[in-house]
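One letter stands for each residue in the lines below.
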Amino acid sequence: MTTEQRPTAVCRDTVRRTGPAIDQEFPFMDQYTAGRASGQDGVPATRQTTQPVAPSAMRPVTRPATSERHEDPRARRMRTRLAVCATATTATALLLSGCGGDSSADTSDKAAAASAAPSKGMDGMSDMAMGDPQATPADKIPGAEVVKGTFALLDTRPPGMDDVKGTAWLAQGPKGTTVTVSLTGLEPGHHYMAHLHAQHCDADNGGPHFRFTEGGPTAPPNEVHLMFDADASGKAMTTVDNGKKTGTGAVAVVVHPMEAMDNRIACADFDF
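Residues numbered from 1 in each chain as written. Predicted model: local features only at pLDDT ≥ 70, side-chain atom pairs only at ≥ 80, totals over all residues. Heavy atoms only, no water.

Engineer: Looking at this structure, how should I read the sheet that holds strand β5 (residues 225-229)?
Structural biologist: In a beta sheet, neighbouring strands are held together by backbone hydrogen bonds and run either parallel or antiparallel to one another. The eight strands lie next to each other as β5-β4-β7-β8-β1-β2-β3-β6, forming an open sheet whose pairing is antiparallel. Only two strands of the sheet have a single partner each, and these edge strands are β5 and β6 (236-242). In this sheet, neighbouring strand axes are inclined to one another by 20° on average, regardless of whether the strands run parallel or antiparallel. Summarising the sheet, strand β1 (residues 145-153) and strand β8 (residues 266-269) pair through three bridges and their orientation is antiparallel. Bridge assignment links Leu153 to a residue of β8, and that residue is Ala266. (Pairing = 2+ DSSP bridges. Helix = DSSP H or I, 4+ residues; strand = E, 2+ residues; numbered from the N terminus. Axes fitted to C-alpha atoms, helices over the stretch in contact; angles between N-to-C directions.)

Next comes the structure, spelled out in structure tokens:
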């Protein structure tokens, strides 16, 4: 078969193999074959074309759906990842809802945990600070009114915290509020947080966090947070300042382990 004869032979062979099906795929096949037999170009005079039909194009093929032919593989992978993420998010929400829901106290603790990380690097922003072991303790603030509280263990404390003891002081003076906590019996090297609370220790273990503006942000300066680490002997002491006075709204301070904010260790009532 010569190069000139090859398209006609291929087309005829295709017609013989596929029968009527080829007419649906290539409706101009008969005209093309007849044209070659008569020495013409095989394309009807009324049909305008700028591109010759390659022999391979005459073979019927199974065409995938349009969306499968043209979809970018990267888009397909991205769609799959989004579906997995959506499934994981839904599962997490269902898991949390299955734990019986959050009390207002638990919600305050979780919000405090979320706000703890950005506290690093806030030098010079005293109201945003979360504790300085070298600061002047609350009971040493000149001209301030000071109240004191003794920490008592809570039934929500994690294992190994049965020996925790300590004292808290709250001072209100010309420069606002200063809070100091001093504790022993902590896990050496572990991270802890303490917050002022709006209820006494016997009322839901201190209840929700105290806020200067109720319904406002759950982070300093609208709340008073203290972050600290226990030393090698399990002791810790830190102080934090806030430019506003708490009045009698903050009646207790509660200590939590940083990695388990729901497990309140101890609570101290201030003796207003």
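Engineer: Please clarify how the side chain of Asn205 should be interpreted in this entry.
Structural biologist: Within the element layout of this structure, Asn205 appears in the loop between β4 (191-197) and β5. Overall, the relative accessible area of 18% leaves Asn205 in the buried class. (Buried < 20%, exposed > 50% of the residue type's maximum accessible area, 1.4 Å probe, protein only.)

Engineer: How should I be thinking about the state of the cysteines in this particular structure?
Structural biologist: Disulfides are covalent bonds that link the sulfur atoms of two cysteine residues. Using the criterion set out here, one finds one disulfide in the structure. The side chain of Cys201 participates in a disulfide bridge whose partner is Cys267; the two sulfur atoms lie 1.9 Å from each other. As the torsion about the S-S bond is roughly -80°, the Cys201-Cys267 disulfide counts as left-handed. Of this pair, Cys201 sits in the loop between β4 and β5 while Cys267 sits in strand β8; the two residues are 66 residues apart in sequence, bridging distant segments of the chain. Among the residues examined, Cys201 registers a relative accessible area of 12% and is labelled buried. (Disulfide = S-S within 2.5 Å.)

Engineer: What's the story with the environment of Asp139 in this structure? I'm lost.
Structural biologist: Take Asp139: it is sitting in the loop between α6 (104-116) and β1. Assessed through its relative accessible area of 33%, Asp139 is described here as partly exposed. Distance in space between the C-alpha atoms of Asp139 and Thr178 is 8.8 Å, their sequence separation being 39 residues. Once residues within four sequence positions are removed from consideration, Asp139 is found in contact with Val146 and Trp169. (Contact = heavy atoms within 4.5 Å.)

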